[in-house]
Amino acid sequence: NNVAVYWGQGPNQDRLSHFCEQTSMDIINIGFINEFPRFVGDIPGSNFGNQCDGNLFEGTNLLNGCHQIWEDIPICKAAGKTVLLSIGGATATGESLPDDATATWFADFLWYSFGPYNPLIASLSWTEELLATAFPRPFLDISVDGFDFDVEHNGGAGYATMINRLRWHFDRVPDRRFYISGAPQCPIPDAQLGDAIANSEFDFIWVQWYNSNGCSAADWVDGTGEFNFDEWVDVIKDSANPDAKLFIGLPASETAANAGFYLTPEEAQPLIETYIEKYPDTFGGVMLWEATAGDNNVVNGLTYTENIKEILYE
Ligand SMILES: CNC(=O)NC(=N)Nc1ccccc1
């Protein structure tokens, strides 16, 4: 079972290698591409908190100069981690795709800018003059292992088209695995990702079993509401990829989510063990929001992230 964490937001976070040196994390979602294209040719925007150096590619809101990230992804890969680039986030602007052409453009942009480097179609020294002929390379020639969809606003049109286009690109690199993941909220159907889950193939679904009343992990602990892992298993079984793995998403500290949704490790343990037992084939692990919060939340001498990894290993 795997631990997936989000990293990339916040004013005081350590660089990525600090987390990749730890054995408690297996999958790292780098967040976020937080500005979506409004039309074909429109360049998305990014935000990685205190990382990078404040520079943008000219004429865009896309961060340039993210040296900590392009230096550290190879360290993460050497440590056996899977590194995904996350699209959306709670503060994303313009999260909705106006039409399928823009969805296809967005997928192509992500692939050529953050996937395997192809010097015929991307430039390591991109300038606005190249807009019509080449893609920028924010992480230089370093490729991510896939894309995570943390879409939290404005509806789900176009994401299935985007993911199917990404899958088309993945299939053209047969000797390497790429992944698609999503972070829906726990109410079913999820307005943002429900359509994509039904109509395009995900490898991992990490449900945010926090910040929503009535279906949260805290509801399971309190005996209130209806923690709906079982129903999410059915959603996956009825989806375009019935073999997708389902992760329990949890806040990594008291303040990492809205008040009342945090579970201590001892509260999380029986929940995790119940659903490992019940769904050994579909259960994929735990997702934590988010890396820095988990690192700073020391419980019984271990970080929260280490506590969760220990529960999964037992
Ligand atoms: C996987 N994405 C998230 O977990 N987003 C998230 N936790 N956003 C957020 C919403 C409200 C308060 C704090 C964070």
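Caption draft 1: Highlighting the nonpolar core. Counting 89 residues, the largest nonpolar core has F147 and F149 as the members making the most contacts within it. With nine residues, the top contributor of residues to this core is helix α3 (residues 100-114). Apart from the residues within four sequence positions on either side, F149 is in contact with I87, Y159, M162, I163, L166, I180, S181, G182, A183 and L193. If you look at the next biggest cluster of nonpolar residues, it comprises 14 residues, including I27, Y210, F261 and M287.

Caption draft 2: Molecular detail of the pattern of salt bridges. The final tally for this structure, using the stated rule, is 10 salt bridges. Ionic pairing is found between K77 and D145, a salt bridge with its closest N-O pair at 2.5 Å. You can see K77 sitting in helix α2 (residues 67-78) and its partner D145 sitting in the loop between β7 (135-136) and β8 (146-150), a full 68 residues away along the chain. Its salt-bridge partner being R176, residue D145 comes within 2.9 Å of it at the nearest N-O pair.

Caption draft 3: Region of the structure containing the sheet that holds strand β2 (residues 27-33). Taken in spatial order, the eight strands of this closed barrel run β1-β2-β5-β8-β9-β10-β11-β12, and their pairing is parallel. In this sheet, adjacent strand axes meet at a mean angle of 25° when their direction is disregarded. The pairing of strand β5 (residues 82-88) with β8 spans four bridges and is classified as parallel. Counterpart to L85 in the pairing with β8 is F147. Here α3 sits on the sheet in contact with β2, β5 and β8, set at roughly 145° to β5.

Caption draft 4: Broad picture of the site of the ligand. Taken together, the neighbourhood of the ligand is formed by Y6, A90, D150, E152, A183, Q208, Y210, N211, A256, N258 and W289. Within the side chain of D150, a nitrogen or oxygen atom sits 2.9 Å from a nitrogen atom of the ligand. At 2.6 Å, a side-chain N or O of Y210 approaches an oxygen atom of the ligand. Here the ligand has 370 Å² of accessible area as a free molecule, and 80% of this is covered by the chains. Here the shell around the ligand is built from residues that sort into six nonpolar, three polar and two charged.

Cut-offs used in this document
- Residues numbered from 1 in each chain as written.
- Predicted model: local features only at pLDDT ≥ 70, side-chain atom pairs only at ≥ 80, totals over all residues.
- Heavy atoms only, no water.
- Core = buried A, V, L, I, M, F, W, Y, C linked by side-chain atoms within 4.5 Å.
- Buried < 20%, exposed > 50% of the residue type's maximum accessible area, 1.4 Å probe, protein only.
- Helix = DSSP H or I, 4+ residues; strand = E, 2+ residues; numbered from the N terminus.
- Contact = heavy atoms within 4.5 Å.
- Salt bridge = Lys/Arg side-chain N within 4 Å of Asp/Glu carboxyl O.
- Pairing = 2+ DSSP bridges.
- Axes fitted to C-alpha atoms, helices over the stretch in contact; angles between N-to-C directions.
- Near = heavy atom within 4 Å.
- Polar contact = N/O pair within 3.5 Å; in protein donor to acceptor, adjacent residues only side chain to side chain.
- Areas by Shrake-Rupley, 256 points an atom, 1.4 Å probe, with all protein chains shown as cover.
- Nonpolar A, V, L, I, M, F, W, Y, C, P; charged D, E, K, R; others polar.

None of this, on its own, says anything about what the molecule does.
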